[in-house]
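Below are the chains, spelled out letter by letter.
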Amino acid sequence: KEFSMKLITTIVPSSYIRIKTLDVSHNELSDLPGLASLPNLETLCIKRNWFNALPSDVGKLQKLRNIDASRNFLKPNVASLRLDELKNLSHLKLLDVSLNQKCRTADHREYIKDHLKPLEVDVIVTVWQEASNGEHNCIGASAAQRNANLLRSQLEPFGTVNLRRRLVRDFGKEPTDPKLVDRAGVMEMLLRCYQKEGLLEFDGSDKDLNLGVGKRRVVKIGGTPVREELLNEILEELRDWRGNNKRGGSSNNRERPSIKAECYMILRAPVEVEGKLSRPERRRQKKMEGNKKLWQLALQAMTETDPDFATRCSEIAVTFGFTGSPHIDRQNASPFYGLSLGNFTEGTGCVAVECSPRLLAHVNTKNRLGRVDGRYPHWVTSYNAEKEERFSLIYYDTMSPYQSPGPAIFKMPKAQMVT
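Residues numbered from 1 in each chain as written. Predicted model: local features only at pLDDT ≥ 70, side-chain atom pairs only at ≥ 80, totals over all residues. Heavy atoms only, no water.

1. Description of the nonpolar core
Formed by 32 residues in total, the largest nonpolar core has its most connected members in L32, L44, I67, L86, V97 and I112. For this core, the elements supplying multiple residues, two or more each, are α3 (83-86) and α4 (106-116). Every residue in contact with I112, bar those within four places of it in the chain, is listed here: L81, L83, L95, V97, V123 and V125. (Core = buried A, V, L, I, M, F, W, Y, C linked by side-chain atoms within 4.5 Å. Buried < 20%, exposed > 50% of the residue type's maximum accessible area, 1.4 Å probe, protein only. Helix = DSSP H or I, 4+ residues; strand = E, 2+ residues; numbered from the N terminus. Contact = heavy atoms within 4.5 Å.)

This is the structure:
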């Protein structure tokens with residue numbers, strides 16, 4: 001939303017230019033055109049809005065002293081904070097960008113101060129590492145240590161800002177002050193909201209919210225089937241890879257230890273390198289040489305399903321025994337594809353992903369290529385990992401121009417909605 005300063009002239013036509021304080025907080029504004037018409041403005045409060053950048057006219061307010069832009073969507077860069085314009089405001093003393101998720105480190109605070117020199121501006125940034133150091137702020141040192149059935153585990157991949165935002169936007173709660181309510185407190189409030197709606201239940205007598213099982217709605221969908229002959233070739237290669245130390249298929253090879261899997265190997269798309277190869281590049285090349293056929297077969301399956309993505313695929317994770325592990329893939333440039341193979345039971349071992357605060361999707365990827373946006377919390381649903389085999393190929397795009405996240409899945413069949 002936008003609010004034009006021209007509207008003020010219809011309310012106080014003769015005196016609006018003398019306004020020294022303007023507070024438009026607690027709205028859904030993303031821009032504020034016409035600010036230059038307030039030449040005497042000294043304090044600007046735009047907190048709790050949807051600004052991705054400071055108002056475009058902010059650099060024209062020569063008497064401006066204080067800017068409160070907390071709780072927005074600002075980023076610690078010159079364009080978003082309009083630092084080149086702000087440094088020309090000789091009276092500026094305060095810039096509050098606290099509780100902006102991207103402005104989150106002490107380095108960001110110093111970066112902003114340096115860009116505003118020679119001005120001496122008090123820059124306020126919420127440093128999350130300092131703000132979230134209490135007991136029970138997180139459960140499990142990594143996704144591999146979290147029980148994917150627990151609602152707390154499913155929410156854990158989110159940053160604290162997102163959790164605070166969910167409390168306000170989706171459950172109608174009052175905003176929480178990080179100085180008074182840490183991550184653990186926010187999570188407890190959120191879990192109580194879910195419990196009140198019947199979306200969190202307890203298996204036994206222990207009523208610890210952190211041990212509550214998630215009961216959100218689930219929609220079940222299937223990926224795109226892969227040709228049977230090609231599946232058989234891929235599975236044969238995977239079974240040969242499994243346990244083959246020379247090919248990277250041994251149980252000792254867990255290249256992503258934060259994920260619970262008996263074996264996890266990453267194959268990266270071959271690239272031409274001029275000159276002498278570095279040691280890591282030589283290792284990657286050797287690994288690809290041992291798994292060239294597997295890479296080619298996997299890429300063929302993708303080419304037959306989504307030829308455009310096949311050209312953008314930068315790496316494929318090859319796994320065996322991948323279980324649970326709620327996490328977010330933060331380095332992805334776009335959604336990923338997953339393909340699972342083996343003798344595990346149909347309808348189990350799906351990729352679960354959060355579509356919205358109250359809705360999950362279970363994507364059946366057995367012998368199918370399912371497209372999921374891994375920048376939302378996702379995990380593998382239960383299957384009999386002790387007695388059944390489940391291989392997976394996960395196709396990532398980490399090198400293309402960044403695509404904005406969403407939706408979490410790419411079709412929503414209402415007929416398959418379950419509770």
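2. So, the pairing of strand β15 (residues 359-364)
Of all six residues that make up β15, six are buried, and the element is covered over most of its length. Where burial is concerned, the two faces of β15 agree: the one with L359, A361 and V363 and the one with L360, H362 and N364 are both buried. Direction of pairing for strand β8 (residues 217-222) relative to β15: parallel, over a ladder of six bridges. Looking across to β15, one finds that I221 is bridged to V363. (Pairing = 2+ DSSP bridges.)

3. Regarding the sheet that holds strand β11 (residues 315-320)
Read across the open sheet, the six strands follow the order β9-β16-β13-β18-β11-β10; overall the sheet is antiparallel. Every other strand in the sheet has two partners, leaving β9 (224-225) and β10 (263-268) as the edge strands with one partner each. Bridge analysis of β11 against strand β18 (residues 391-396) gives six bridges, and the strand direction is antiparallel. Its bridge partner being in β18, F320 is matched across the sheet by F391.

4. Side note on the layout of surface pockets
Approximately 1500 Å³ is the volume attributed to the largest pocket. Considering the residues around the largest pocket, the lining is formed by 40 residues, among which Q101, K102, F158, N162 and R165 are closest to the centre. Every element with two or more residues in the lining of the largest pocket is listed here: α5 (128-131), α7 (160-169) and β14 (351-356). Taken together, the residues that form the lining of the largest pocket break down as 15 nonpolar, 13 polar and twelve charged. (1 Å grid on protein atoms, 1.4 Å probe; cavity = no way out; pocket = protein on both sides within 12 Å on 5 of 7 lines; lining within 4 Å. Points joined across faces, edges and corners; volume = space filled by probe spheres on them. Nonpolar A, V, L, I, M, F, W, Y, C, P; charged D, E, K, R; others polar.)

5. Things to note about a negative patch on the surface
On the surface, a cluster of negative charge is contributed by E228, E229, E233 and E236. The topology assignment puts E233 in helix α9 (residues 228-241). We classify E233 as partly exposed; its relative accessible area is 37%. (Patch = residues over 30% accessible without salt bridge, like charges linked within 9 Å, V, L, I, M, F, W, Y side chains within 5 Å. Areas by Shrake-Rupley, 256 points an atom, 1.4 Å probe, with all protein chains shown as cover. Salt bridge = Lys/Arg side-chain N within 4 Å of Asp/Glu carboxyl O. Lys, Arg positive; Asp, Glu negative; His and termini not counted. Charge placed at Lys NZ, Arg CZ, Asp CG, Glu CD.)

6. A few points about empty space enclosed by the protein
Which parts of space are left empty comes out when a probe the size of a water molecule is rolled across the atoms. Following the criterion strictly, the structure yields one cavity of 30 Å³ or more and no others. Here the largest cavity defines a volume of roughly 150 Å³. Taken together, 17 residues make up the lining of the largest cavity; nearest its centre are F322, F336, V351, V380 and I394. Looking at the lining of the largest cavity, the elements with two or more residues in it are β13 (336-341), β17 (378-380) and β18.

7. Side note on the sheet that holds strand β4 (residues 94-96)
On the basis of which strands lie adjacent, the open sheet formed by five strands has the order β1-β2-β3-β4-β5 and parallel pairing. Both outer strands of the open sheet, β1 (21-23) and β5 (122-124), are each paired with one neighbouring strand and no more. If you compare each strand with its neighbour and ignore which way they point, the axes differ by 5° on average. The sheet contact formed by β1 and strand β2 (residues 43-45) spans three bridges and is parallel. Bridged to L22 within β2 is L44. Along the sheet face, α4 touches β4 and β5 and points at about 150° away from the line of β5. (Axes fitted to C-alpha atoms, helices over the stretch in contact; angles between N-to-C directions.)

8. Comments concerning the pattern of salt bridges
Taken as a whole and judged by the stated rule, the model has 20 salt bridges. A salt bridge links E354 to R166; its shortest N-O distance comes to 2.4 Å. With E354 in strand β14 and R166 in helix α7, this pair connects stretches of sequence that are 188 residues apart. Both residues of the pair, E354 and R166, count as buried. The residue E255 makes a salt bridge to K287 at a minimum N-O spacing of 3.0 Å. Of this pair, E255 sits in the loop between α9 and β10 while K287 sits in helix α10 (residues 279-290); the two residues are 32 residues apart in sequence, bridging distant segments of the chain. Owing to a relative accessible area of 31%, E255 belongs among the partly exposed residues under this scheme. Connected via shared salt-bridge partners are R152, E156 and R183.

9. Concerning the packing of α7 against helix α8 (residues 183-196)
The N-to-C vectors of α7 and α8 enclose an angle of 40°; their axes lie 10 Å apart at closest approach. Judged on the interaxial angle alone, α8 and α7 are oblique. The interaxial crossing formed by α7 with α8 has left-handed handedness. When α7 is examined against α8, the residues T160, L163, R164, R166 and L167 are found in contact with a partner set consisting of R183, V186, M187, M189, L190, C193 and Y194. By residue class, the composition of the contact of α7 with α8 is eight nonpolar, one polar and three charged. (Parallel < 35°, antiparallel > 145°, perpendicular 65-115°, else oblique. Left-handed = near helix turned anticlockwise from the far one by under 90°.)

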